[in-house]
Amino acid sequence: MWRQHVPRLHLPRVASLAAALVLVASTGLVAAPGSTAFAVTQVSSSVQGSDHRTYTATNHLTAAAFRGGPREWLLAWAGAADASNPAAKDFIAVIDATRGSRTYGQVVNTVTLSPQRQNEPHHMQYIWHKGQRIFAASILSDTAYVFDSRSLPTLRLTGVNLPVDTPCGSAPDAFWSLRDGTAYATYLGGPDIAGPCRYTNGQVRVGNGANGSPGQVVRMSADGRTLAEIPMALPDGEDPAICHNRPSITPATCANPHGLQVREDLNVLVASDFAELRSFLEPSDVETDPLLLRTSIRVLDITNRNNPKLRSVSYLPDGPRVDDSIAVNENRMVMENALTNQRRHRGAFASTMAGGSIFYTPDITSRSPKWREIFDDTAAYRRFDPTGVLTGSNAGGSWLQVTPDDRFLIHTVMGTDPRLPRDVTSGMVFVLDIQKLLASGANPACNIDTIEEVAAGGAESDCPALTSVVPVADKVTPNIGVGPHWGSQDMFTRDRNGFYREADHIERVATSNYFVAKTGLDGDHRICMFDFDRAGVLSPDNAFRDEQTHQPCVSFNRQDWPHGSVGVARPHGVLFVVSDKVLR
């Protein structure tokens, strides 16, 4: 139960939770010596974790949060950069994303989390629908937070999932929300304790410990309780010649799921294997074993939502590029996958971070999906770098999504090649027209199999057409990987009566420029907005400006926030949302 102390906020009453939840509110001034003072309304909510500790989320709502009519918001899940300052907490920033609003681009609320700090905030779900909870992953604290969003811009903490709740996996990464309010999550790393671990269905796999292998998928309830831990490693393992583990385990596995997509109508969940995480958390001059960088895609049959079955494990093929290490071959480090949305399509895409390439299979429900390379990031770089210096090799390919109408594929690239001079490297976001590829049905011809196609794009008539490329780079900070890592599609359109509805086409894309600092790949900590037209052309939305610097994009390299003068933050996951009361 919770108690409401400020009636004017009109926060909705909800059913009591198994874990006690308390909400309190107050108003006041948040300031620090020499800083900007924010007049804020504080609203706090708490839940008790399975460790019997109390976890609290505190909203710090500025006056701008209460102005205007129907509003759209952009959520940004951000980590405090200053680990030495106990007041510097991780938080979700609520940014005004309402076109034409006087406060467009302003951070109107920061929802701080306590007592746990330095979570390394990571991803939320890829898309949000009316009534769904917000699931937010903390990759290094092995924790997931769940929020009720019905009273936006206020968020209410409704659940916390801790390491003790998921002993067979670590490093939660991505979420997909289901129609029934539950969610699936990928856990990139192995069991909390090295050795055998028993999953919910009774099966056992042997792992080499936290942030190692094998990872898993977890199904969570709407309040964050673990409903099922689901094994992703094959019972008999995989070929140890291609799947290395450190320390080694028997049987060997490449199961380190990162990207996550679900088609409920097809009863499939698709997870892309990234890498064994622990090898990248402490950067060194020693070259990482390239066989810790995965090339595999795993598909679950989720007919039984709490006991999915592994339908297939497939591997991306290598490409025609000649690189100086297999670590940056086209098929290495499968960061993301993206599913088509329309019932007539069953195709799936996958992208690689180290390999800088995109792959396609026409039927993800097949028992043996056949993948082919259909685009190299090099071809997008050629649009603004004719010199040939920038290539897909180690480019940092990241977020990948198909638009709801299945016309376009959107991809972000960080620009992470340390072999290039800092003032040369660049990130980007680009768009591919995939209509001809999908129309080719079960037998696509497109295949990047010659060195000429790497830079020029596929020669076959059904290969994707590059419709737009926008370079995104910062020439000021010394960080490597300053381009966009994550993104979100704006699924909402506003009608003449001021209400919002979900649309089959999108009109905007938001991106965040940060990866994981502990890996050596940081970013410039900006969130940028792009307009997206019906032809698949992106253009920077320069009206989306930082309220303090007045420059395009919202910078998290700032001292002052609604919750205090606590310094720089690192935004990772971003998500478009709308208040329930104005979403039809």
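Because the structure is a prediction, the values reported are computed rather than measured. (Residues numbered from 1 in each chain as written. Predicted model: local features only at pLDDT ≥ 70, side-chain atom pairs only at ≥ 80, totals over all residues. Heavy atoms only, no water.)

### Overview of the overall build of the protein chain
Regarding its fold elements, the protein chain presents 3 helices and 38 strands. For 584 residues, the compact-globule estimate of 2.2 N^0.38 gives 25 Å, and the protein chain sits close to it at 22 Å. Projected onto its principal axes, the C-alpha positions of the protein chain cover 65 × 55 × 50 Å. The burial tally for the protein chain puts 63% of its 584 residues in the buried class. (Helix = DSSP H or I, 4+ residues; strand = E, 2+ residues; numbered from the N terminus. Rg over C-alpha atoms; globule rule 2.2 N^0.38 Å. Buried < 20%, exposed > 50% of the residue type's maximum accessible area, 1.4 Å probe, protein only.)

### Let's talk about the layout of surface pockets
Its boundaries defined by the atoms lining it, the second largest pocket holds a volume of some 610 Å³. If you go around the second largest pocket, you meet 25 residues; those closest to its centre are I127, H129, W176, V262 and N341. Here the element with the most residues in the lining of the second largest pocket is strand 17 (residues 257-263); it accounts for 3 residues. When its residues are assigned to classes, the lining of the second largest pocket shows 9 nonpolar, 9 polar and 7 charged. (1 Å grid on protein atoms, 1.4 Å probe; cavity = no way out; pocket = protein on both sides within 12 Å on 5 of 7 lines; lining within 4 Å. Points joined across faces, edges and corners; volume = space filled by probe spheres on them. Nonpolar A, V, L, I, M, F, W, Y, C, P; charged D, E, K, R; others polar.)

### Things to note about the nonpolar core
L74, F147, Y184, L269 and F556 are the most contacted members of the largest nonpolar core, which has 89 residues in total. By residue number, the principal contributor to this core is strand 4 (residues 72-80), which donates 7 residues. Residues in contact with F556, not counting those within four places in the same chain, are A76, A78, F91, A93, I95, H525, I527, W561, V568, A569 and P571. In this structure, F375, Y381, L432 and C446 belong to the second largest nonpolar core, which totals 25 residues. (Core = buried A, V, L, I, M, F, W, Y, C linked by side-chain atoms within 4.5 Å. Contact = heavy atoms within 4.5 Å.)

### A word on the sheet that holds strand 11 (residues 170-177)
One open sheet holds the 4 strands; their spatial order is 11-12-15-16, and the pairing between them is antiparallel. Strands with a single pairing partner mark the edges of an open sheet, and in this sheet they are strand 11 and strand 16 (226-231). For this sheet, the mean angle separating the axes of adjacent strands, direction not counted, is 25°. Across 5 bridges, the pairing between strand 12 (residues 183-189) and strand 15 (residues 216-220) is antiparallel. Paired with A183 across the strands is M220, a residue of strand 15. (Pairing = 2+ DSSP bridges. Axes fitted to C-alpha atoms, helices over the stretch in contact; angles between N-to-C directions.)

### Quick look at the sheet that holds strand 27 (residues 427-433)
The strand order across the open sheet formed by 4 strands is 25-26-27-28, and the pairing between neighbours is antiparallel. The open sheet has two free edges, formed respectively by strand 25 (397-402) and strand 28 (465-472), since each of these has just one partner strand. Ignoring strand direction, the axes of neighbouring strands in this sheet form an average angle of 15°. Alignment of strand 27 against strand 28, held across 7 bridges, turns out to be antiparallel. By the bridge assignment, M428 is partnered in strand 28 with P471.

### Some remarks on the pattern of salt bridges
Tallied over the full model, the rule gives 25 salt bridges. Its salt-bridge partner being E72, residue R508 comes within 3.1 Å of it at the nearest N-O pair. Note that R508 is positioned in strand 32 (residues 508-512) and E72 in strand 4, a separation of 436 residues in sequence. Of the two residues, R508 and E72, neither departs from the other in class, the shared state being buried. Of the charged contacts, one joins D148 and R150 as a salt bridge, the two residues approaching to 2.7 Å between their closest N and O atoms. Classification of D148 as buried rests on a relative accessible area of 4%. Each of R133, D148, R150 and R156 takes part in a single network of salt bridges with overlapping partners. (Salt bridge = Lys/Arg side-chain N within 4 Å of Asp/Glu carboxyl O.)

### Re the environment of T253
For T253, the location among the structural elements is in the loop between strand 16 and strand 17. For the pair formed by T253 and V218, sequence separation is 35 residues and the distance between their alpha carbons is 18 Å. Contact partners of T253, with chain neighbours within four places excluded, come to S213, P214, A233, E238, C243, H244, N245, R294 and R298. At 3.4 Å, the side chain of T253 forms a polar contact with the side chain of E238. (Polar contact = N/O pair within 3.5 Å; in protein donor to acceptor, adjacent residues only side chain to side chain.)

### What about the state of the cysteines?
When the sulfur atoms of two cysteines share a covalent bond, that bond is a disulfide. For the structure shown, the criterion picks out 4 disulfides. A sulfur-sulfur separation of 2.0 Å characterises the disulfide bridge that pairs C168 with C197. Looking down the S-S bond of the C168 and C197 bridge, the torsion is -90°, so its handedness is left-handed. Of this pair, C168 sits in the loop between strand 10 (156-161) and strand 11 while C197 sits in strand 13 (residues 195-198), and the two are 29 residues apart along the sequence. There is no split in this pair, since C168 and C197 are both buried. The disulfide that involves C446 links it to C463, with 2.1 Å between the sulfurs. One quick way to see it: the torsion about the S-S bond of C446 and C463 is about 105°, and its sign makes the bridge right-handed. In this pair, C446 is assigned in the loop between helix 2 (435-439) and helix 3 (451-456) and C463 in the loop between helix 3 and strand 28, connecting sequence segments 17 residues apart. A relative accessible area of 0% means that C446 is categorised as buried. Given the relative accessible area of 9%, C463 is considered buried. (Disulfide = S-S within 2.5 Å.)

### Concerning the confidence of the model for the protein chain
In the predicted model, the protein chain carries a mean pLDDT of 92, and the fraction of residues at 70 or more is 91%. Counting interchain partners and residues more than four positions distant, the pLDDT-below-50 stretch residues 1-21 has 50 contacts. (pLDDT = per-residue confidence, 0-100.)

### Observations regarding the pairing of strand 25
Within strand 25, 6 of the 6 residues are buried, which leaves it mostly tucked inside the rest of the structure. The pairing of strand 25 with strand 26 (residues 408-413) spans 4 bridges and is classified as antiparallel. Of the residues in strand 26, the one forming a bridge with Q401 is I410. Hairpin remark: strand 25 followed by strand 26, antiparallel, with 5 residues in the connecting loop; positive phi at D406, about 65°.

### Some words on the side chain of S393
Mapped onto the elements, S393 comes out in the loop between helix 1 (377-381) and strand 25. A distance of 3.2 Å separates the side chain of S393 from the side chain of D323, its partner in a polar contact. Here the side chain of S393 touches R419 through a polar contact of 2.7 Å, side chain to side chain. Not counting residues within four places of it along the chain, the set of residues in contact with S393 comprises R321, D323, V328, A354, D417 and R419.

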